[in-house]
Amino acid sequence: MTSLFQEVSPGAAAETPTRQITVTINGERRSAVVEPRLLLAHLLRQGFHLTGTHTGCDTSNCGACTVLLDGTPVKSCTLFAVQADGHDVMTVEGLAGPSELHAIQEGFKEEHGLQCGFCTPGMMMASKALLDENPNPTEDEIRWALSGNLCRCTGYQNIVKAVMWAAKKLEDQ
Amino acid sequence: MTAVDEIKIGGMGASRRRVEDNRFIRGKGNYVDDIVLPGMLHMEILRSPLAHARIKSIDASKAWAMPGVRLVLTGETMAARNLAWMPTLSYDTQAVLATDKVRFQGQEVACVIADDPYIAKDACEAIVVDYEPLPAIVNPSQSLAEGAPLIRDDKENQPDNVVYDWEVGDREGTDRAFAQADLVSKIELHYPRSHPSPIECCGSIADFNRSTSKLTVYLTTQAPHIIRAAVALVAELPEQMIRIISPDIGGGFGNKVPVYPGYVASILASILLERPVKWIEDRTGNLISTGFARDIYLQGELALRNDGRILGVRMKATADHGAFFSDAQPSKFKIGLMHSAFACYDIPYAHLEARGVYTNKAPGGVAYRCSFRVTEAMFFQERMVQAAADDLGMDQAEFRRVNFVRDDDFPHRTPYGFLTDSGQYGKCLDVGLEAIGYQDFLKEKEEAAKRGRLLGIGISTMTEPLGAGNSREYDILGIKMFDSAELKIHMTGKALLRTGAKSQGQGHETTWAQIVAHELGLPAEDILVEEGDTDTAPFGMGTYASRSTPVAGAAVAMVSRKIRAKARKIAAHLLEISEEDVEWELGRFYVRSQPDRGVTIQECAMAAYSNMPDGMEPGLENVAYYDPPNLTWPFACYIVTVEVDPETGVWDVLRLVAVDDCGVRINPMIVEGQIMGGLTEAYAMANMQFITFDEQGNCIGSNFTDYLLPTAWETPGFELHEVVTPCPHHPIGAKGIGECAAVGGPAAFVNAVMDALKGTGVRNIDMPVFPDRVYQALQTGQDVSGAPPVRTGDA
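This is a predicted model, so every value here is computed, not measured. (Residues numbered from 1 in each chain as written. Chains lettered and ligands numbered in written order. Predicted model: local features only at pLDDT ≥ 70, side-chain atom pairs only at ≥ 80, totals over all residues.)

Visitor: I'd like a rundown of the packing of helix α15 (residues 548-575) of chain B against helix α16 (residues 601-610) of chain B, residues and numbers included.
Guide: Residue and element names in this part refer to chain B. Interhelical geometry of α15 versus α16 gives an angle of 90° and a closest axis separation of 9 Å. In terms of axis orientation, α15 runs roughly perpendicular to α16. Residues Ala567, Ile570, Ala571 and Leu574 of α15 form the contact with α16, whose participating residues are Ile601, Glu603, Cys604, Ala607 and Ala608. Here the contact of α15 with α16 is built from residues that sort into 8 nonpolar, no polar and 1 charged. (Axes fitted to C-alpha atoms, helices over the stretch in contact; angles between N-to-C directions. Helix = DSSP H or I, 4+ residues; strand = E, 2+ residues; numbered from the N terminus. Parallel < 35°, antiparallel > 145°, perpendicular 65-115°, else oblique. Contact = placed C-beta atoms within 7 Å. Nonpolar A, V, L, I, M, F, W, Y, C, P; charged D, E, K, R; others polar.)

Have a look at this one:
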């Protein structure tokens, strides 16, 4: 249990249904007792303090909360935490290795694919899902794959370049 | 020994990769919602479902009874502490929590503070408010109609719904110019309501500590020092006991300049509960209640001579301010800098009449990627210019060229009285026309027309005033619009720089260090940049209206020069020569007669702490407050080509060429990033961003399913070009750039579509230029207005 959900007011505890779940997050098995209505994004952020996953719209439009569920990009504000029970979740915090950045992270920095940084984690996770499936995407394929993620700062052109930079680096490795 | 290589040390002109990215790409940014304080509670706001209604009663008993609820705030609670109303940044008042009436849909009615956000949301739903509905007003004609319900009946001496009447320019001279005209070109335009919508919504964490009397507020604010002053005045707390911390901000675009009721309520809640209280706005709350932008109607007229010269300009603007006049803008100007229109054209006479009205819509009038209504000004200007060229039967590029202020005409007094100081307008236009292949496109367009295809080309050229002050003319609530920088050089030659600005993605941590590197020769990576904490940063007016580089950036250069002046004295001491014999090259002082004898800036830094001359104050630190002598005047030329599908009204961007002259570029990579971001918002406003209202005042566009932001799929590609005309008064020759493309861009898109429709009799389609509007225009040959109310449902 996390600090946010540890303190339960008298009376609330009895009325609130809970369920224990176990989720593999960035390779580590972690358990929590949660209300069934708790959103996955909130479990990650408030529960496990993985605040790289952001929420920006509440309606599954902006994609700032994008994480990989068993390798597939999902909007974690639109999933209940209990739906991730027994599954594998990868967040932006799981992208980099112990000593080095993932090529996508490097690409975003090299090609100036971010400004305020708020959409960036979701954008990079969607990019990872794309490159896992299609290591050598065209510009149109990148634009289509990222069309569920909104960015207000960059105008996307440098994000496209960032993904291409990463694709090239991964190919060269 | 020689001077250091400026590009190698990450100085001016280097496309230095951004320092702040290191945390953002790891998901380690520190945004307000990421901050967790011990014992923190969570606040949620109950909003009005009605646009205009009298509050008969509020019953919060069920909310109070819910487990986990710590406090319920209503207008009554606020009124008991004299906090039901707060002053706005434009000398009006705004309800914090409604007491008498609600005046727009989404207005704040009550707040619940609970153990977690889910409980707070549940409890809001348990509050019962009894409303008596009143007729809603959603546009200026309704607002000004005889017998219209009085929206601001809370105010004394407010007999109607007029906020202000204001004028500027030479009325009589303009009348004379129009009397002499060969032709008068007229057009009516509406710049629709829009919303900045950064991906991060607004939020705050108020943390009042009773034992120290200190109030710390973590806040999504672009202007932390203004907020500190506002909190001191509204909450009547001593200013030294207020600390505003603006951590990483997930985009601002003007949305995060005003003071919002949620901030004030969270502060009061923390004071009452003596625990930290976090409020994170949801997206609907953000879209329906916080700083909207634009919403101005214009009747524009140009007095023209047959040879193409513009003799005079007449503009009559009506601004829809919503329920409270809360524009964040210099106090002297009621409709912002609307009168910066036509600054790039050599026109003798102009007159602007402006009227502001109240309606039952969210307040705001924020400068959305804009310097105070400059976006509307430039859109109106360039739409009027295109219409005038068409009316004269003149080529739209040639018409602009004939009327441009010439390169040798600076400084130039604009028709409304601003002073522009530099630019190469004709050259920028030439670069743009060359890049797009103007003549070839005109031929292609003609050929395509023979086969029933509709191609169009739109041009938008403009110079705009960025970087308020000077302090003689620009203030917010009386606080002069200067800015600041404080530089501390440590003994090892490393440095800490703090400014009164606040980055929200502009990359200050990277570029400010580049300015210091340029002035002192210290490697940029040796300079730590901090902003946003009012307890540590020098006082400044914050970041909006593209003022960071023009004002705070100038302060960074000036404080570096103060440091260099002191270092020069230390160098003379170390070299055992008189100061007059010391020469400077980047990174080092040397003996004029013996260039190989010198000391580095780092050696001077060490000496400032270990070997200073007799009588010299130790240390190497300083602060600079910079009051700019004038605004900076970047110029831009945006050219868009489109193809309109006559069957569906859908239009596609074929090419987009941008030529920006923002003076000297500190970090070209970041400048280009700013331009592309601005172009995208320009495209969004022209194409899809739409917040409107139905007859009941319901907000249409209250989430991202209805309020469309462009994705990577729709957004066109950009072709960027540059011209450099240094700013004559800025210490490093830079001009503002952040908003240029968002300001000048929209007209280029609309002009392109209107050019494609030339000959159909259609003179204007209001933004967003939706396909159904284009289709309607093509079917009817009539203009299409986008003014609210929209018809919804079975109406």
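Visitor: Describe in detail the sheet that holds strand β8 (residues 128-133) of chain B, supporting the description with residues and values.
Guide: Pairing between sheet strands relies on hydrogen bonds along the backbone, with the strands arranged either parallel or antiparallel. All names here are of chain B. A sheet is described by the order of its strands in space; here 3 strands give the open sequence β6-β2-β8, paired in antiparallel fashion. Strands at the two margins of the open sheet, each flanked by one partner only, are β6 (101-102) and β8. Two elements, strand β2 (residues 53-59) and β8, share 6 bridges in a ladder whose sense is antiparallel. The partner of Ile55 across the bridge, within β8, is Tyr131. (Pairing = 2+ DSSP bridges.)

Visitor: I'd like a rundown of the environment of Thr511 of chain B, residues and numbers included.
Guide: Residue and element names in this part refer to chain B. When you line up the elements, Thr511 lands in helix α14 (residues 508-520). The sequence separation of Thr511 and Ile666 amounts to 155 residues, and the corresponding C-alpha distance is 6.7 Å. If we skip the residues at most four places from it in the chain, Thr511 touches Ile666, Asn667 and Ile670.

Visitor: How would you summarise the interface of chain B and chain A if you had to cite specific residues and measurements?
Guide: On the chain A side, the residues contacting the 44 residues of chain B number 48 residues. Elements with a minimum of two residues in the side of chain B that touches chain A: α1 (21-24) and α17 (668-687) of chain B. Looking at the side of chain B that touches chain A, the element that brings in the most residues is α17 of chain B, giving 6 residues. Each residue belonging to the side of chain B that touches chain A can be placed in one class, and the counts come to 16 nonpolar, 16 polar and 12 charged.

Visitor: Explain the nonpolar core to me, using residue names and the numbers behind them.
Guide: The nonpolar side chains of a soluble globular protein tend to be buried with one another. All names here are of chain B. One finds Leu97, Ala110, Val112, Val516 and Val753 to be the most contacted residues of the largest nonpolar core, which totals 319 residues. Per-element accounting of this core gives the leading share, 13 residues, to α15. The residues contacting Val516, other than those within four sequence positions of it, are Leu487, Ala495, Leu497, Leu522, Ile527, Val556 and Ser560. (Core = buried A, V, L, I, M, F, W, Y, C linked by C-beta atoms within 7 Å. Buried ≥ 20, exposed ≤ 12 C-beta atoms within 10 Å, placed from the backbone.)

Note that every value here comes from positions in space, so none of it alone points to a role or purpose.
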